[in-house]
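Geometric and topological summary
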Amino acid sequence: MDVRTSGARAAEAHAAEAHAPGAEPPGGKQGREQGGKHGEGHGEAPGEGHSEGQGRPPTGADPGAPGPGGAPDALGPHPDDLPDGLVVADETGLVTCFNAAAARITATDPADAIGRRLEVALPLEDLDGRRWWALTDPYGGLAIRAGQPERNLLLPGGREVLVSARYVRERPTGPVRRVVVCLRGTEARRRTERSHAELIATVAHELRSPLTSVKGFTATLLAKWERFTDDQKRLMLETVDADANRVTRLIAELLDISRIDSGRLEVRRQPVDLAAAVRRHVQALTAAGHTAERFLIRVRGPLPRLWADPDKIDQVLGNLLENAVRHGEGTVTIDIAPAPAKPVAEGPAEGPTVERTAVTVSDEGPGIPEESMSRVFTRFWRGSKRGGTGLGLYIVKGIVEAHGGTITVDRARGGGAEFRFTLPVGAPAYLA
């Protein structure tokens, strides 16, 4: 069975044509000299049969060196071009490839690894301190194994690295011809784990207060119902209701974050009147005790018809207005206006333009420090110590981008913060 790549087979076919009777090798005389120089390498895998002085010795695979069949293999990338560490051992267990990323991850000189046994060049241990290659035995273990899934292993000195391996066989149960090992650093995974830990800690902290209140008031009412007046009962039940709403909102935020991170945030588009939605939110804020004079709504020009998810747009407006009221000062101004049409890129040329609607929410407070502008839409960012989970603006950005829009933050003319988001308008594709 021929297990070589299509590129290798194409290279052999090209070489066969070049060496046909009466055919001139590629490159004329130079090609004939190269053909003679590499004539002994036919049938060898890349990197085998070459001394350390040929090509690019650290990896054992030169892109200009002959591929299988003796023809130059210029179709594939050089191992040093790969972002992950690559280590390849031949059928005898000797390392034939050790790329630059592997050298960076393991802090090993490639020249010291090439030609050595795999377990010596790459001494790995599992988290229990057991020698990994002796434990897995890639060459002498079960013949049905195809490799090892990615897992955390330890390098000398205790440094963690993510390792996965593939056992290359000519036939399903045949002997191992090559062991291909992929190495990755754990920094990105550690950042993700740290972010998840912060999320869990934030959620636990935010849930504790309202749940304690709900538990305390309900237990008190059940135990001493007859001792309280109707007004006292109403006050405690209203507090329980408010805290239950707070818990419900936090759970909804967690679900939104999960959908945003996994790319599963659904947008159910319907016609949306942005001006009416903004007025509705302002009325809710004034009913909650804020003065109506604090809000200024300006609608500029006739607005194009907007198709969006009304619930998600309400969530965006609610977060931005609450953010301006809680962290800002003075008048909160909401501007709604058509935005300049933005071209949609289609390949190398620009495609048709898309109409957009822009909403700007600004206040007259202290604003956001310049050094914090880049972190506003990240998780757990808080502009002040006035409460909040630090998740609202992260969710706002995810919702706006799910609609195909953009959101930015800047300093308002009055010195406060200014959030501006734009949404593409027009009917969805299934109605166009």
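Since this is a predicted model, take the numbers as computed values, not measurements.

**Here we look at the overall build of the protein chain**
Secondary structure assignment for the protein chain yields 11 helices and 12 strands. For the protein chain, buried positions account for 37% of its 432 residues. A separation of at least 24 residues holds for 59% of the contacts in the protein chain among residues at least 6 apart in sequence. Accessible area for the protein chain stands at about 24,600 Å²; split by element, carbon and sulfur atoms hold 53% of it.

**Here's the deal with the pattern of salt bridges**
As enumerated under the stated definition, the model contains 20 salt bridges in all. When the shortest N-O distance is used, the salt bridge between Arg130 and Asp126 registers 2.7 Å. Residue class for Arg130 comes out partly exposed when judged on its relative accessible area of 42%. Exposure remark for Asp126: the relative accessible area of 7% places this residue in the buried category. With a shortest N-O distance of 3.6 Å, Arg184 and Glu150 are connected by a salt bridge. Here Arg184, found in strand E5 (residues 176-184), pairs with Glu150, found in strand E3 (residues 147-154); they are 34 residues apart in sequence, far enough to count as distant. With a relative accessible area of 38%, Arg184 lands in the partly exposed category.

**Considerations on the sheet that holds strand E1 (residues 85-89)**
A sheet is described by the order of its strands in space; here five strands give the open sequence E2-E1-E5-E4-E3, paired in antiparallel fashion. Each of the sheet's edge strands pairs with one partner strand only, and the pair in question is strand E2 (95-98) and E3. Strand after strand, the sheet turns through a mean of 20 degrees between neighbouring axes, direction not considered. Relative to E5, strand E4 (residues 160-169) runs antiparallel, the two being bridged by eight bridges.

**A few points about the nonpolar core**
Membership of the largest hydrophobic core comes to 48 residues, with the highest contact counts inside it found for Ile334, Phe419 and Phe421. When residues in this core are grouped by element, the largest group, seven residues, is from helix H10 (residues 310-327). If sequence neighbours within four positions are ignored, Phe421 has contacts with Val316, Leu317, Leu320, Thr357, Ala358, Val359, Val400, Thr406 and Ile407. The next biggest cluster of nonpolar side chains, apart from the first, holds 25 residues, and it includes Val87, Ala89, Val95 and Trp133.

**Some words on the side chain of Asp363**
As for its placement among the helices and strands, Asp363 is situated in the loop between strand E10 (349-362) and helix H11 (392-402). Arg294 provides the closest opposite charge to the buried, unpaired Asp363, separated from it by 7.1 Å. A distance of 2.8 Å separates the side chain of Asp363 from the backbone nitrogen of Gly365, its partner in a polar contact. In this structure, Asp363 is in contact with Ala324, Gly328, Glu329, Thr331, Val332, Ala412, Gly416 and Ala417, ignoring residues within four places of it in sequence.

**Focus on the environment of Leu254**
Structurally, Leu254 is set in helix H8 (residues 230-262). C-alpha separation for the pair Leu254 and Leu199, spaced 55 residues apart in sequence, amounts to 8.9 Å. Setting aside chain neighbours within four positions, we find Leu254 in contact with Leu199 and Val203.

**Quick notes on H8**
For an α-helix, 3.6 residues make a turn, and residues three or four places apart therefore share a direction. In a regular helix each residue adds 1.5 Å, so 33 residues correspond to 48 Å; H8 covers 48 Å between its end C-alpha atoms and thus fits that length. Of the surrounding elements, those touching the buried residues of H8 are helix H7 (187-223), H10 and H11. Directly beyond the C-terminal end of H8, a positive phi value near 70 degrees is found at Gly263.

**Notes on the packing of helix H9 (residues 274-287) against H10**
Orientation of H9 relative to H10, taken along the N-to-C sense of each, is 45 degrees, at an axis distance of 10 Å. Regarding the angle of H9 to H10, the classification is oblique. Crossing of H9 against H10: the hand is right-handed. Across from Leu274, Ala277, Val278, Arg280, His281 and Leu285 in H9, the residues of H10 making contact are Ile313, Asp314, Leu317, Gly318, Leu321 and Val325. Considered class by class, the residues forming the contact of H9 with H10 number eight nonpolar, two polar and two charged.

The rules behind the values
- Residues numbered from 1 in each chain as written.
- Predicted model: local features only at pLDDT ≥ 70, side-chain atom pairs only at ≥ 80, totals over all residues.
- Heavy atoms only, no water.
- Helix = DSSP H or I, 4+ residues; strand = E, 2+ residues; numbered from the N terminus.
- Buried < 20%, exposed > 50% of the residue type's maximum accessible area, 1.4 Å probe, protein only.
- Contact = heavy atoms within 4.5 Å.
- Areas by Shrake-Rupley, 256 points an atom, 1.4 Å probe, with all protein chains shown as cover.
- Salt bridge = Lys/Arg side-chain N within 4 Å of Asp/Glu carboxyl O.
- Pairing = 2+ DSSP bridges.
- Axes fitted to C-alpha atoms, helices over the stretch in contact; angles between N-to-C directions.
- Core = buried A, V, L, I, M, F, W, Y, C linked by side-chain atoms within 4.5 Å.
- Lys, Arg positive; Asp, Glu negative; His and termini not counted.
- Polar contact = N/O pair within 3.5 Å; in protein donor to acceptor, adjacent residues only side chain to side chain.
- Expected span 1.5 Å × (residues − 1).
- Parallel < 35°, antiparallel > 145°, perpendicular 65-115°, else oblique.
- Left-handed = near helix turned anticlockwise from the far one by under 90°.
- Nonpolar A, V, L, I, M, F, W, Y, C, P; charged D, E, K, R; others polar.

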